[in-house]
Amino acid sequence: MSLSDQELERYARHIVLPQVGGVGQRKLKEARIAVVGAGGIGSAVIPALAGAGVGQLTIIDDDVVELGNLHRQPLFRERDAGYSKADLALQFVHRLNHFVKATPIQQRIGTENAQQLLTGYDLVIDGSDNFATRLAVSDACVGIGVPLLSAAAVQFQGQVGLFRGKPCYRCFVGDAFDAGDCDNCAELGVLGALTGTVGNFAALLAINFIVGIGDDPAGKLHLFTGEKLSWREIRIPADPACGACGSA
Ligand SMILES: [Zn+2]
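All of the points below concern the structure found in this document.

Conventions used here
Residues numbered from 1 in each chain as written. Predicted model: local features only at pLDDT ≥ 70, side-chain atom pairs only at ≥ 80, totals over all residues. Heavy atoms only, no water. Helix = DSSP H or I, 4+ residues; strand = E, 2+ residues; numbered from the N terminus. Pairing = 2+ DSSP bridges. Axes fitted to C-alpha atoms, helices over the stretch in contact; angles between N-to-C directions. Buried < 20%, exposed > 50% of the residue type's maximum accessible area, 1.4 Å probe, protein only. Lys, Arg positive; Asp, Glu negative; His and termini not counted. Salt bridge = Lys/Arg side-chain N within 4 Å of Asp/Glu carboxyl O. Contact = heavy atoms within 4.5 Å.

**Concerning unusual backbone geometry**
- Cis geometry marks the peptide bond from Lys166 to Pro167; its omega dihedral reads -10°.
- Tracing the backbone shows Pro167 in the loop between strand E6 (157-163) and helix H8 (169-173).
- For Gln155, which is not glycine, the phi dihedral falls at a positive 55°.
- Here Gln155 is to be found in the loop between strand E5 (148-154) and E6.

The following block contains the structure:
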């Protein structure tokens, strides 16, 4: 897949980087990424990936914009209240970069449809706001063999990890959270600037992964503490008894 003159100009500051170059920019153009959730994490991930020239971006969200979203979701404006987040995110991507083929899916993703919705992508980025959805997305990704980048932010804490095969996100979380939205931002609160920090970190990790920059990121969890302004990294062990990726 070659780059047009306009794309070469557009991505010049990527292409000049030795770690990216023309080869890396073409990998981004060839990449197909599904983003689950156009919320706080999605509001950082979607513009970053669209700007970076990811070829295909699918945005899955069944929700509409509410005023209480605006402190952390700069994809949207006051006048967008009541309108579909997936559709508005599509319009944002089109205005930013017409080279990106964006597809909105206004469906709630769950155990019954996740495999069907997520098949055919090089990477799934999950920025949903509850454990039940995250686990359904993770199980589907394990089942269809698609790498998953999971990103979450609540209160002052953020976490980002890439999972490919074993260990999976369920190895980390366990089975206790399948039912219910037990970590919902509405109840616990979240600092607006935190979701942008965590979402942009996730976008950077996604770009590194697609282009092949740095060490293999799989199986590591990056944890951010907003109060201390610091990141730390832990390695997630595979759980042999995991209901998704284990041998049981
Ligand atoms: Zn697992």
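Further notes follow.
**Thoughts on the sheet that holds strand E4 (residues 123-126)**
- Strand order in the open sheet formed by 8 strands is E3-E2-E1-E4-E5-E6-E7-E8, and the pairing between neighbours is mixed. Edge strands, defined here as strands with exactly one partner in the open sheet, are strand E3 (101-105) and strand E8 (230-235). Looking at each pair of strands side by side, their axes are set apart by 15° on average, direction ignored.

**Things to note about the side chain of Lys220**
- In this fold, Lys220 is placed in strand E7 (residues 220-225).
- Despite its burial, Lys220 pairs with no opposite charge; the closest candidate is Glu233, at 4.0 Å N-O.
- With residues near it in sequence (within four places) discarded, Lys220 still touches Val160, Gly161, Leu162, Asp215, Glu233, Ile234 and Arg235.

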